Structure formats: structure tokens, C-alpha cells
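Single-letter residue listing:
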Amino acid sequence: MDIENEHDYESLGANSTMAQNAIAGAMAGIGEHCIMYPVDSIRTRMQVLSTPDLGTAIKDASKKQFRNQRNLWRGVYSVIAGAGPAHAVHFATYEFCKEKFNKHLTSNSKIRAPGSSFEISNQVVASSAAGAIATFSHDALMTPFDVLKQRMQLRDSTYKSARDCARKVYAAEGLKAFYISFPTTVSMSIPFQSVQFATYEYCRSKFDPQGSYNPKVHMMAGAVAGAVASSVTTPLDVVKTLLQTKGSSKDVQIKNCNGFRQAATIIYNGYGVKGFFRGFKPRVLTNMPSTAISWSVYEYFKWFLASEEGDKFIDRI
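This is a predicted model, so every value here is computed, not measured.

## Topic: the overall build of the protein
Thought 1: Check the secondary structure of the protein and you find 14 helices and zero strands.
Thought 2: For the protein, the exposed area adds up to about 15600 Å²; of that, 61% sits on carbon and sulfur atoms.

## Structural notes on the environment of Ser 189
Thought 1: If you trace the backbone, Ser 189 turns up in helix α9 (residues 182–207).
Thought 2: The class for Ser 189 is buried, based on a relative accessible area of 8%.
Thought 3: In sequence terms Ser 189 and Asp 237 are 48 residues apart; their C-alpha atoms lie 8.9 Å from each other.
Thought 4: With sequence-adjacent residues up to four places away left out, Ser 189 is seen in contact with Thr 135, Asp 139 and Ser 194.

## Topic: the pattern of salt bridges
Thought 1: If you walk through the whole model with that rule in mind, you get 15 salt bridges.
Thought 2: Of the charged contacts, one joins Asp 164 and Lys 168 as a salt bridge, the two residues approaching to 3.5 Å between their closest N and O atoms. Of the two residues, Asp 164 and Lys 168 both sit in helix α8 (residues 162–173), four residues apart, roughly one turn of that helix.
Thought 3: Between Asp 237 and Arg 283 there is a salt bridge, with its nearest N and O atoms 3.6 Å apart. One end of the pair, Asp 237, is in helix α10 (residues 215–245); the other, Arg 283, is in helix α13 (residues 280–306), and 46 residues separate them in sequence. Each member of the pair, Asp 237 as well as Arg 283, carries the same accessibility label: buried.
Thought 4: Among the charged side chains, a salt-bridge network with shared partners connects Asp 40, Arg 43, Asp 146, Lys 149, Asp 237, Lys 240 and Arg 283.

## Quick notes on the environment of Lys 281
Thought 1: Examined against the element boundaries, Lys 281 turns out to sit in helix α13.
Thought 2: Note: C-alpha distance between Lys 281 and Val 39 (242 residues apart in sequence) is 9.9 Å.

## Some remarks on the side chain of Gln 244
Thought 1: Residue placement: Gln 244 occurs in helix α10.
Thought 2: According to the relative accessible area criterion, Gln 244 is buried, its value standing at 0%.
Thought 3: Side-chain polar atoms of Gln 244 contact the side chain of Gln 150, separated by 2.3 Å.
Thought 4: Those residues in contact with Gln 244 that lie beyond four places of it in its chain are Thr 143, Asp 146, Val 147, Gln 150, Arg 151, Ser 181 and Thr 185.

## A closer look at a nonpolar patch on the surface
Thought 1: The grouping of Ile 30, Tyr 77 and Ile 80 at the surface amounts to a nonpolar patch, some 300 Å² of accessible area in total.
Thought 2: Within the secondary structure, Ile 30 sits in helix α3 (residues 18–35).

## Let's talk about the confidence of the model for the protein
Regions with low pLDDT carry predicted coordinates that are not meant to be interpreted in detail.
Thought 1: Of all residues in the protein, 80% have pLDDT values of 70 or greater, and the mean over the chain is 80.
Thought 2: Across residues 1–14, where pLDDT falls below 50, the model places 22 contacts with residues more than four positions away in sequence or in other chains.

## Observations concerning the nonpolar core
Thought 1: Counting 18 residues, the largest nonpolar core has Phe 91, Tyr 94, Trp 295 and Tyr 298 as its most contacted members.
Thought 2: If you tally residues by element for this core, the top one is α13, at five residues.
Thought 3: Trp 295 has contacts with Phe 91, Tyr 94, Gln 196, Phe 197, Tyr 200, His 218 and Gly 222, leaving out every residue within four places of it along the chain.
Thought 4: In terms of nonpolar packing, the next biggest core, distinct from the first, is built from 11 residues, Leu 243, Ile 254, Ala 263 and Ile 266 among them.

## A word on the side chain of Thr 185
Thought 1: Of note, Thr 185 is situated in helix α9.
Thought 2: Apart from residues no more than four positions distant in its own chain, Thr 185 is found in contact with Asp 139, Thr 143, Lys 240 and Gln 244.

## A short note on helix α4 (residues 37–48)
Thought 1: The end-to-end C-alpha separation of α4 is 17 Å, in line with the 16 Å expected for 12 residues at 1.5 Å each.
Thought 2: Extensive coverage of α4 is indicated by the burial of 10 of its 12 residues.
Thought 3: Within α4, burial applies to Tyr 37, Pro 38, Asp 40, Ser 41, Ile 42, Arg 43, Thr 44, Arg 45, Met 46 and Gln 47.

## Digging into the packing of aromatic side chains
Thought 1: A full pass over the atoms with the stated rule returns 15 aromatic pairs.
Thought 2: For the ring pair Tyr 37 and Trp 73, a centre distance of 6.2 Å and an interplane angle of 20 degrees mean the geometry is stacked. With Tyr 37 in helix α4 and Trp 73 in the loop between α5 (54–67) and α6 (76–107), this pair connects stretches of sequence that are 36 residues apart.
Thought 3: On the basis of relative accessible area, Trp 73 is assigned to the partly exposed category, the value being 40%.

## Side note on the packing of α6 against α9
Thought 1: Between α6 and α9, whose axes approach to 14 Å, the crossing angle comes to 60 degrees. Viewed along their axes, α6 and α9 adopt a mutual orientation that is oblique. For the crossing formed where α6 meets α9, the hand is right-handed. The residues of α9 that touch α6, namely those facing His 90, Phe 91, Tyr 94 and Lys 98, are Gln 193, Phe 197 and Glu 201.
Thought 2: Looking at side-chain class alone, the contact of α6 with α9 contains three nonpolar, two polar and two charged residues.

Thresholds, definitions, all that
Residues numbered from 1 in each chain as written. Predicted model: local features only at pLDDT ≥ 70, side-chain atom pairs only at ≥ 80, totals over all residues. Heavy atoms only, no water. Helix = DSSP H or I, 4+ residues; strand = E, 2+ residues; numbered from the N terminus. Areas by Shrake-Rupley, 256 points an atom, 1.4 Å probe, with all protein chains shown as cover. Buried < 20%, exposed > 50% of the residue type's maximum accessible area, 1.4 Å probe, protein only. Contact = heavy atoms within 4.5 Å. Salt bridge = Lys/Arg side-chain N within 4 Å of Asp/Glu carboxyl O. Polar contact = N/O pair within 3.5 Å; in protein donor to acceptor, adjacent residues only side chain to side chain. Patch = residues over 30% accessible without salt bridge, like charges linked within 9 Å, V, L, I, M, F, W, Y side chains within 5 Å. pLDDT = per-residue confidence, 0-100. Core = buried A, V, L, I, M, F, W, Y, C linked by side-chain atoms within 4.5 Å. Expected span 1.5 Å × (residues − 1). Phe/Tyr/Trp six-rings, centres within 6.5 Å; stacked < 30°, edge-to-face > 60°. Axes fitted to C-alpha atoms, helices over the stretch in contact; angles between N-to-C directions. Parallel < 35°, antiparallel > 145°, perpendicular 65-115°, else oblique. Left-handed = near helix turned anticlockwise from the far one by under 90°. Nonpolar A, V, L, I, M, F, W, Y, C, P; charged D, E, K, R; others polar.

Shown next as C-alpha cells:
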């Protein structure tokens, strides 16, 4: 890659159109969610098991699920339908806000040498703030699809399709069922995405200070970001899963749960602090490669859309 192309890639975040960022984000979102979907299904099933012996439950769940791998893909179409537009909005909003925040921080600071710790700190702050704003818009679109996904991921799910699931959930529980977990989802996603974006930008600046298109760097930085972000937000993810699947539960207490506090109380009373880390390993194993894939796909399409071939592609659509 020549220097001119590197310069074009580095400046894409500031010069790219919303359409370019949206397309790259949509591709990244679909790739991120679909490739690691079976592992995510295992994570969901581990988190909703009601047996008091969590260790035995995890082993039993893993054996049964791997025997019938096809069931691990149930609900994937709801993810495809939601992840494309949700991630398109997510990354387009992220790039727009990051550019604005960077300009604001730079204009209100003394000039510092490129690559200095001060500049990196500004990038981390801008990335975290932009990630938080982008996450809210993403979750507003994605939460209903996530509810359908988790209902269909359940081991005893009887839904024939995402449409069938949506129709039956709406008929039995109303519109509220699709958004009852939204406050918890946002409470989890904002720190998750803020940590993820900040960690990714920090690792990328350390691994490749020049900011060139480097697939290995994007992959490594994405994997680290996914591992860190998923680790610190697992307790909130357990609460979210309980709320999103409560309508399918046979436990009356869970079925009547109406919010974060009640869900957290049920988990703590049943399993103690350990209950908030159910599905920890598959969650991290899902997010490390999926985040690496997401950022790699996103950075690739940013690079591609900045090229002449990318310009022709945009013109055609």
C-alpha cells in the first residue's frame, strides 16, 4: 500500500459520507453476530437455566447443545434483519460524533505532538463519548430483534420463525415485551461499547501509531476490546437475558418480574454473586472473535469505500 492510499484511509473518518460509514457498519454488524451465533446461543441457555447446581447445568447444557448443533442457529435471521440497520446507524453515528468531539477537544487544548499521550487521551475520551451516543441509537433499533433472538435460542423454544415468535410474543405479552429490557440493555451497552471503543482505539494507536490500514492490528485490537468489554458487563447481560426471556419461563417469580431491580434480586437470591457471571466464558469467547471480526470488516470497508472501486460501488447503489 502506498503512502497516498494510507493518507486517504487515515482521513476517511472525517471525510467519508454517512452512506459509507453506514454500509461499512452494516457489513460489520452482520458478520459480527452471525459468525459466532452458535456460541451466543450456548451463552443464552446457560444464563436462563434454573437448576441450583450451576456447574452441573453448564456441563449438561454444553453436551446437549453440541449434539444438536442445528438448534444453535435458531433465531439467526432475526439478527440479520436487525443487525444490518442497527449497526449502520451505530457506526455512522460513532464516526460523526467522534469527529465532532475530537475537533472540540483539539480546539480547546494546546497543540501537542502527534502520537503523544495527551493526544491519545483525547482520542480515548472522544471515542468513549461517541460510543455511548451511538449505542443508544443502536439499541433502540436492535432490542426488539434481540428479544426475538433470545426467545428462539432457548433450548425448549417452539417458535417456527422470527415472524411466528414476534406474533406470539405480541399476542401474549404485548408491545412492552419487546422493550422491557431496554433500560437494562442501554445500561449494559453504553459501558460495554464505551469500554470497547476506547480500548480498541487505544490498542490500535499503540499497535500502529501511523493509523494505516493493517488487518492484523484491527483484529488484535478488536479481540482485546471485546474481551475487556464483555468481562466487565457480564452481570448486566445476565439481568438482560432474564428480562428478555421471562415470558418463556415456568418460574412464576421470573414471569412476573418487571424490571432491573427485581431481576437482580431473583438472581442474587437464587445463586448469589456467582449468578451474575453465568455464561461468562461463552460470552467472552463470543465477543473476542466477534468484536475482532466486526472491527476488521468495518475497517476493511472503510478502506474499500475510500478507493476508486468503492466510489464506483457507491455510485451504483
